[in-house]
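Read off the chains here:
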Amino acid sequence: VALTRTELATGMMFRKNMEENEGMLFVFGIPHRASFYMKNTYVPLSIAFIDPAGNVLEIRDLKPLDENPVEAQSDQVQYVLEMKQGWFDRHQITAGAYMRTEKGTLAETFLPQR
């Protein structure tokens, strides 16, 4: 989970491999139009842009080492989940899916002070 400014800025940089079910969830303080790129990121990734309620807005593939930003279509992104490229397809997760944890909603789990 990426919560701090450094974690949010670094993400999955410098990793050479990932296991099938490893990933990173980026938690932002407020909804915004998120933009991601792959500077120093060697593993092909897929990302899900997720709104404050936990709904997947869109899923995009990213190319290793591509520094061109991939911007969300919505300005309501509060979470971004990065997984190994194709993971969402392999698990039949598409736009409209609802994400939560065993502890509850994403907000209850990662933003409990609100």
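Our structure's up above, just so we're on the same page.
Summarised in this report is the structure supplied together with it. (Residues numbered from 1 in each chain as written. Predicted model: local features only at pLDDT ≥ 70, side-chain atom pairs only at ≥ 80, totals over all residues. Heavy atoms only, no water.)

Considerations on the packing of aromatic side chains
Each aromatic ring pair is summarised here by two numbers: the centre-to-centre distance and the angle between the ring planes.
Here comes step 1: Applying the stated criterion across every chain yields a total of 4 aromatic pairs.
Here comes step 2: Note on Trp87 and Phe88: the rings are 5.2 Å apart at their centroids and 85° apart in plane angle, and the pair reads as edge-to-face.
Here comes step 3: Overall, Phe88 belongs to the buried group, its relative accessible area being 1%.
Here comes step 4: Members of the aromatic cluster, joined through ring pairs, are Phe26, Phe28, Phe36 and Phe49. (Phe/Tyr/Trp six-rings, centres within 6.5 Å; stacked < 30°, edge-to-face > 60°. Buried < 20%, exposed > 50% of the residue type's maximum accessible area, 1.4 Å probe, protein only.)

Description of the environment of Ser74
Here comes step 1: Among the structural elements, Ser74 can be located in the loop between strand 5 (70-71) and strand 6 (77-84).
Here comes step 2: Judged by relative accessible area, Ser74 falls into the buried class, the value being 19%.
Here comes step 3: Between the C-alpha atom of Ser74 and that of Val43, which follows or precedes it by 31 residues, the distance is 25 Å.
Here comes step 4: The contact partners of Ser74, leaving out residues within four places of it in the chain, are His32, Arg33, Leu57 and Glu58.
Here comes step 5: Reaching out from Ser74, the side chain makes a polar contact with the backbone nitrogen of Gln76 at a distance of 2.9 Å. (Helix = DSSP H or I, 4+ residues; strand = E, 2+ residues; numbered from the N terminus. Contact = heavy atoms within 4.5 Å. Polar contact = N/O pair within 3.5 Å; in protein donor to acceptor, adjacent residues only side chain to side chain.)

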